[in-house]
Amino acid sequence: MHTRASRRFCRPRLGLLLALFLAAAPAAVTAQVPVQVRPGQQLPNPDQARELLQNQPDLVRQLRDKLAESGLSQDQVRARLRAAGYPETFLDDYLAGADTTLMVRPGPRTLDAVQALGILSPQEADSLQTADSLFAMSDSVRQLLDSLRYRHLDSLRADSLADSLEAIQPAGLKVFGLETFRRLSTQFEPMDAGPVDENYRLGPGDALVLILTGDVEQAHMLEVTREGFIVIPQAGQLYVANLTLGQLEDQLYSRLGRVYSGVRKSPNARTRFQLSLARLRKVQVYVAGDVVRAGSYQVSAAGTVLNALYAAGGPTINGSFRRIDIRRGGKLVDSLDVYDYLTKGINQTDVRLQSGDVVFVPVQGGFAKVAGKVKRPAIYELRPDETLRDLIQFAGGFDPTAYQARVTIHRVLPPASRGSGGRARVVIAVGADQFVDGEVPAVPIAPGDSVTVHGVAERIRSYVTVRGNVWVEGEVGHTPGMKLSDAIRLAGGPKPDVYLDRILVTRVRDDSSMVQLRSAFRDTSGAVVDEIILDEEDEIRVFSRSTFRTERYIAVVGAVRKPGRMPYREGMTVRDAVLLADGLTPDAWLQEAEVARLAEDSTPGSLARTIRVPLDSSYVFARTAGERYAGPPGLPAPASGAPDTELEPYDNLLIMRQPGWELQRSVALSGQVRFPGRYSLLSKTDKVSDVIARAGGLTPEAYPQGVRFYRSYTGGRPTGGDPFSPVLAEPRARLAAGGRDSVRRSIPERVGIDLPKVLDDPRYRDNVVLMGGDSIHIPEFDPVIMVRGAVNSPGAVAYEPGKNLDWYVDRAGGYTQTGDQGHAYVTQPNGEREGVKRKPILADRVPRPQPGAVVYVPAKIVQEGPSTLPSVLGTVAQLLGVLTTIVVVSTR
């Protein structure tokens, strides 16, 4: 199990693992494996991947911890490494006192060397690798990488599959057992230490521990030599090859009894000994045939055929799972059926592998597919004597929804049975008459068969459906003789507002036509007037009186916080409607409201009549009892006493707004004025000169000709209007939320004004009336003209008094080839725009930019269309012909 910390590294390192795999695999294989990479994520190149794989800080730390916890001194570690054939300094970087600032790169033999010290088992080594941040992958990621690797290896072992396998292997079904061996892990290796069964026979490479207790307290580590001997101190050499532990113990009684007199087979023996295996030897076996990685393998002497198969990656997609041969000295020793292990957990062979054994996997004997309603749909290998019964058992048996009286077999006939007329494929039906007592018949199965187990019909029977105005709608179980009242009672009974006069029962006849039956309720208890005996699949419909009622409502509009429609309730009053509309806005007129009610007569053209209802300050619901009225100044309202008028359906209640009441409007004034800031307008007629005067006038550095005056517009209207109008809903929403700023945040448009003339004469036409949200900026003097657009060198040009637009364009490199000289214009510093007017005879009218102006030259609009040259040439030719005719006639 991976730790939580290791899982955090899984996703960032997935790209690294895929890059390393793709770097190692041939291009022909990797080209067929799409790799999904998120936007912005880059896979490391192969060199970077190898570098990251070698530098594993978490693995280095854990190895150092293991060595520190072992209790071995540095000299002992070096001595054991030297005895195991490793350089004695091989693990110095992991010992206590090593420089931890250096970059340590564990090599492929590092974990093997630590295992040789006897402080790390293969299982712990595997856990260290998978717990490291680089290998902390989810099972799905590990399976993906394993599948990629083994798919490549399979392709090297088998160029193509049999035609029968290709025919029966659709997408989604896998060969049963194939993924069992596709794991890169040592968890399937047998233990190298620990107890073994009584049949285990000793051999060269085994290590025994002999412990003497009693009169003598000694312990000896005994290695079995290549010749099959062990050397016991003081007792001498003893041949143990091919002996079991029990047989060896019998010999030790006689051998040790010669040296230690207390050793004997009796309960009163003064000296006792205990014999156990400390380390199991390795044996060399060969795995051949249709396996993923055929070759020679070293496995534990306690290993079996399954261990060898796991080491070799298991059979390929074309290898057999039903017959794994064990050959020793050229003779067949035993055969293993892997399906016994996969389906029942039984390992039938008890043959232990010995050095030189060959595990051979032949080609599969034939596949059959089973799909449909079985517990384990897959592709299974069958022996010649196995039948449909065996195939269904391999698939785990029938699914609960399986129709166990119908199985279909699609078969490709062998060449000898096909005959003429293209009868190569047939369908074999296994019917209900062949299923005796629910047991699957022993129908022969041929290689390549495709078996489909059908499901029961989707149609549901033995029910009736109750819908409508009952407490629990849905399907109700049907029993013979069930009545209408029984089904309604099982559905919880009718609701109080049930429609009593009609219950509809829809029945489907055998020919799928429908008939309508009906009944009625006697009362709301669920008792019916005319009972109906129900059939299966009847549908009962119970109605509600509220379904037939027209939706009644009222509308509240005007100076309320939440205008709109709301459901009408009997007895609803004006005060109730205002409460449901979340109260009044500050501009509400608390003298009276208007109710528009449906006209009582049916006079053509008459729509409504109006009623005025009184209001008072108690409609300001935010104040507490006894608190004084805090309405806008100058607009008193009655304290209380206004009668509460009852409303009728479809009334339209209008809460009127106070005449002329508005929130403050403000404008922004910035730049070269003495007191810049946001100023509130004193009246609706305040003008530009008034606000500038309130700001203390202009500073000496001000450049009034460059004034920038902006007005914000929303929906074609300026923003200084009613803040509570539906068009300008943002200020109203902001005010309702307690905001203080009434200035609109909308699209600003620049307005050109002549500020020097406005300051000289307040009656000048450019002294416009200000509106809320206006912005005025007075810049400093800017002696630069900006030239932009279709010119050769756009940029700033120093101001030259008296020069026109063409002069500044010439200073900017002149017009480009696509520059439109006839539509160039200048935006003066005050925002006014002046365009060029080219005249064919008289002098052109070219504007003169002022300091701070912007000259813009647009590009010509080139219209794509068919060429007109042929038509022009045709017209010219006609004119020449006419002129030639006139000349000839006139000269005669």
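Computed from a predicted structure; not experimentally measured.

A. Representation of the overall build of the protein chain. Counting its regular elements, the protein chain contains 22 helices and 36 strands. With 892 residues in all, the protein chain has 39% of them scored as buried. When contacts within the protein chain are restricted to residue pairs at least 6 apart in sequence, those whose partners lie at least 24 apart make up 62%. Summed over its atoms, the accessible surface of the protein chain is roughly 50100 Å², and 52% of this surface lies on carbon and sulfur atoms.

B. Broad picture of the pattern of salt bridges. The full count for this structure, using the stated rule, is 37 salt bridges. Between arginine 323 and aspartate 325 there is a salt bridge whose closest N-O contact spans 3.0 Å. Accessibility expressed as a relative area gives 1% for aspartate 325, which makes it buried. With a shortest N-O distance of 3.7 Å, aspartate 486 and arginine 489 are connected by a salt bridge. You can see aspartate 486 and its partner arginine 489 sitting in helix 16 (residues 484–490), three residues apart, about one turn around the helix. For aspartate 486, a relative accessible area of 24% translates into the label partly exposed. Overlapping salt bridges bring together Arg322, Asp337, Arg383 and Glu386 as one network.

C. How the structure looks around the confidence of the model for the protein chain. Scored by pLDDT, the protein chain has a mean of 80; 79% of the residues are at 70 or more. Per-element confidence in the protein chain is highest for strand 20 (residues 539–544), whose mean pLDDT is 96, and lowest for helix 3 (residues 27–30), whose mean pLDDT is 36. Under a pLDDT of 50 for its full length, residues 48–55 has, in the predicted model, 17 contacts with residues more than four places off or in other chains. Taken together, the stretch residues 721–745 has pLDDT below 50 and engages in 39 contacts with residues farther than four places along the chain or on a different chain.

D. Quick look at the environment of phenylalanine 621. Within the secondary structure, phenylalanine 621 is located in the loop between strand 24 (608–614) and strand 25 (652–655). Note: C-alpha distance between phenylalanine 621 and glycine 583 (38 residues apart in sequence) is 6.8 Å. Those residues in contact with phenylalanine 621 that sit more than four places away from it in its chain are Arg575, Val578, Leu579 and Gly583.

E. Seen up close, the side chain of serine 485. Mapped onto the secondary structure, serine 485 falls in helix 16. Ignoring sequence-local partners within four residues, the contact set of serine 485 consists of Gly526, Val528 and Glu531.

F. Just the sheet that holds strand 5 (residues 271–279), in detail. Taken in spatial order, the three strands line up as 2-1-5 in an open sheet, and their pairing is antiparallel. One side of each edge strand has no neighbouring strand; the edge strands of this open sheet are strand 2 (218–223) and strand 5. Averaged over all pairs of adjacent strands, the angle between their axes in this sheet comes to 20 degrees, without regard to strand direction. Bridge count between strand 1 (residues 207–214) and strand 2: six bridges; the pairing is antiparallel. Looking across to strand 2, one finds that leucine 212 is bridged to glutamine 218.

The rules behind these values
Residues numbered from 1 in each chain as written. Predicted model: local features only at pLDDT ≥ 70, side-chain atom pairs only at ≥ 80, totals over all residues. Heavy atoms only, no water. Helix = DSSP H or I, 4+ residues; strand = E, 2+ residues; numbered from the N terminus. Buried < 20%, exposed > 50% of the residue type's maximum accessible area, 1.4 Å probe, protein only. Contact = heavy atoms within 4.5 Å. Areas by Shrake-Rupley, 256 points an atom, 1.4 Å probe, with all protein chains shown as cover. Salt bridge = Lys/Arg side-chain N within 4 Å of Asp/Glu carboxyl O. pLDDT = per-residue confidence, 0-100. Pairing = 2+ DSSP bridges. Axes fitted to C-alpha atoms, helices over the stretch in contact; angles between N-to-C directions.

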